[in-house]
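Overview (structure and organization)
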Amino acid sequence: MPDVDSRESRPESFSYVGRYGHSTLHVALSILVGGLFLGAVAGPAVTGHAELPPPETRIVTAAGPADPREPVEVPAELTDPEPTIVASVDSTEPAPVSGDDTLIGSARPTERSQNVKVRSGDTLMSLMLSAGIDRDEAHEAVAALRSVFDPKDLRAGQQVRLTLSPEDELQEMALDPSVVKRVAVRRDDGASFKAFETQKALTRQLAYAEGRIRSSLYKAAVRASVPLPVLEELIHIYSWDVDFQREIQPDDAFAVVYERYVDEDGDFVRHGDVIQARLTLSGQDKPLYRFEIEAGIVDYFDDTGKSAKRALMRTPIDGARLSSRFGKRRHPILGYTKMHKGIDFAAPRGTPVYAAGDGTIEVRGRNGGYGNYIRIRHVGNFATAYAHLKGFARGVTPGSRVRQGQVIGYVGSSGRSTGPHLHYEILKNRRHVNPLAVKMPSGRKLTDSQMARFQTERGRIDTLVAGLRRDIRLTQR
């Protein structure tokens, strides 16, 4: 193996001399100076370490781009933009911006609403003027509302909802004339108002209650949680045939099925009609069924199809106490025995008095010891009289027609009277008869076809009531 000179075996890089005669030390110094120069121009690295520039990105140096006519692109990681303010708005619409807004996305003041309770003497105009609404604007709103609601029908206790703009301009006015109706006026796209009427959707439910009478029907019904309007209707439909002062005895019983209506949220709105009622008096059942004879005409009938109504009511007043009966008695003021030609019902002053039957007003006015007095002529040679009234109902004048159950006056103590009460008389062929004992003429009679429909309806109601009673028994176990 030939000898090799050790100087020839050292790497060339350590003994390299450039073609221009520069040694290794010169090259190293050149690289170092160039790096310092570039570092001074470009500044410190953002990430702390050197990276290759991304593709398609030009590096900007102090000398500028290679071709000054070409645009300069700055890498995103070398920029430091201002932070963007993002407004969170609960809407799909862009947030409004006005000239006064200093922050992008700030919301304009919203409309405001207020509920105003109607007091005695208030009008829609006075309510809006009190809320600061312009008089002309209020007048236009009321004029528009007249197409769906008569402002004269506004009643104390109602709620009126006013919606105003930030500039206190009326946007909407709404109220509920009844539990099932809402009316409103709203400003349209222009400056005028348009009226709207909507009907609330109600769901009909049936409720059942029963109880044993210990002292009075009223107390028994209250114990069974029967609503007062339902109790009043129950008493009313039996008032032609039952004397609630004499015929109700301890251990009698009652039962009633009635309607109740709830809104879309399941909240109670109002009570409806009595569908079926049953009084058990001294062991005798007296059921009554609601039946629509024809469109819009409803009456109550017993299980044989006999009308509960009579031509005359025995008690033309609700919730009163029988204080004096028909017959001879010692007069409380005159002091001697005298024939009492009617019956007396003690009741609070102002209690409504009803017409006992359809008829014509014969007498209306002051009548000696009777005080304020009304006499009504009915068919079949019957007449009824009402005395000691506080006053008369509007429209009740001599010669006017009245309907059974219509309010004709109010309990008072006029004439010879020791306290507020109604003195009630029935005359047959111009002779006084006992209102509690006279045989009343019957009411409406069903035709053959109506009787057939009634029997079908009675069977349906009986089945329905049996189901309700079964459900009550199960819940009580």
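Residues numbered from 1 in each chain as written. Predicted model: local features only at pLDDT ≥ 70, side-chain atom pairs only at ≥ 80, totals over all residues. Heavy atoms only, no water.

**Some details on the overall build of the protein**
For the protein, the count of helices and strands is six helices and 22 strands. Taking the intrachain contacts of the protein between residues at least 6 apart in sequence as the baseline, contacts between residues at least 24 apart amount to 58%. Summing over all exposed atoms, the protein offers an accessible surface of approximately 30,200 Å²; the carbon and sulfur share of this is 51%. (Helix = DSSP H or I, 4+ residues; strand = E, 2+ residues; numbered from the N terminus. Contact = heavy atoms within 4.5 Å. Areas by Shrake-Rupley, 256 points an atom, 1.4 Å probe, with all protein chains shown as cover.)

**A closer look at the pairing of strand β18 (residues 382–392)**
Of all 11 residues in β18, nine are buried; the element is thus mostly enclosed. Pairing analysis gives five bridges linking strand β17 (residues 372–377) to β18, with the strands arranged antiparallel. Within the sheet, the bridge partner assigned to R375 lies in β18 and is A385. Counted between consecutive antiparallel strands, the loop separating β17 from β18 contains four residues, among which G380 sits at a positive phi close to 75 degrees. Relative to strand β21 (residues 421–428), β18 runs antiparallel, the two sharing six bridges. Bridge pairing in β21 links F382 to K428. Strand direction decides the pairing type here: β18 and strand β20 (residues 407–411), joined by three bridges, are antiparallel. Across the sheet, the residue bridging to G391 is Y410, located in β20. (Buried < 20%, exposed > 50% of the residue type's maximum accessible area, 1.4 Å probe, protein only. Pairing = 2+ DSSP bridges.)

**Quick notes on the packing of aromatic side chains**
Tallied over the entire structure, the rule returns six aromatic pairs. Ring centres of Y370 and Y373 lie 5.0 Å apart, and the angle between their planes is 40 degrees; this geometry places the pair in the tilted category. Between Y386 and Y424 the ring centres are 5.6 Å apart and the planes differ by 35 degrees, which places this aromatic pair in the tilted class. Of this pair, Y386 sits in strand β18 while Y424 sits in strand β21, and the two are 38 residues apart along the sequence. Each of the two residues, Y386 as well as Y424, counts as buried. Linked through ring pairs, Y289, F291, F301 and F454 together constitute an aromatic cluster. Geometry around Y261 places R270 over its ring, the cationic atom sitting 4.4 Å from the centre. (Phe/Tyr/Trp six-rings, centres within 6.5 Å; stacked < 30°, edge-to-face > 60°. Lys NZ or Arg CZ within 6 Å of the ring centre and 35° of its normal.)

**So, the sheet that holds strand β2 (residues 159–164)**
Spatial strand order, β1-β2-β3-β4-β5: five strands in an open sheet with antiparallel pairing. Every interior strand has two partners, whereas the edge strands, β1 (112–117) and β5 (193–199), have only one. For this sheet, the mean angle separating the axes of adjacent strands, direction not counted, is 20 degrees. Sheet topology note: the strand β3 (residues 170–178)/strand β4 (residues 181–187) ladder contains five bridges and is antiparallel. Bridging across to β4, E172 finds its partner in R186. (Axes fitted to C-alpha atoms, helices over the stretch in contact; angles between N-to-C directions.)

**Remarks on the confidence of the model for the protein**
Looking at the protein, pLDDT values average 77 and 73% of them are 70 or higher. Across the protein, β17 holds the top mean pLDDT of 96, while helix α1 (residues 24–42) sits lowest at 47. Every residue in residues 1–25 scores below 50 in pLDDT, and together they form five contacts with partners more than four places removed in sequence or on other chains. Segment residues 35–108 is flagged for pLDDT under 50; beyond a separation of four residues in sequence, or across chains, it makes 26 contacts in the model. (pLDDT = per-residue confidence, 0-100.)

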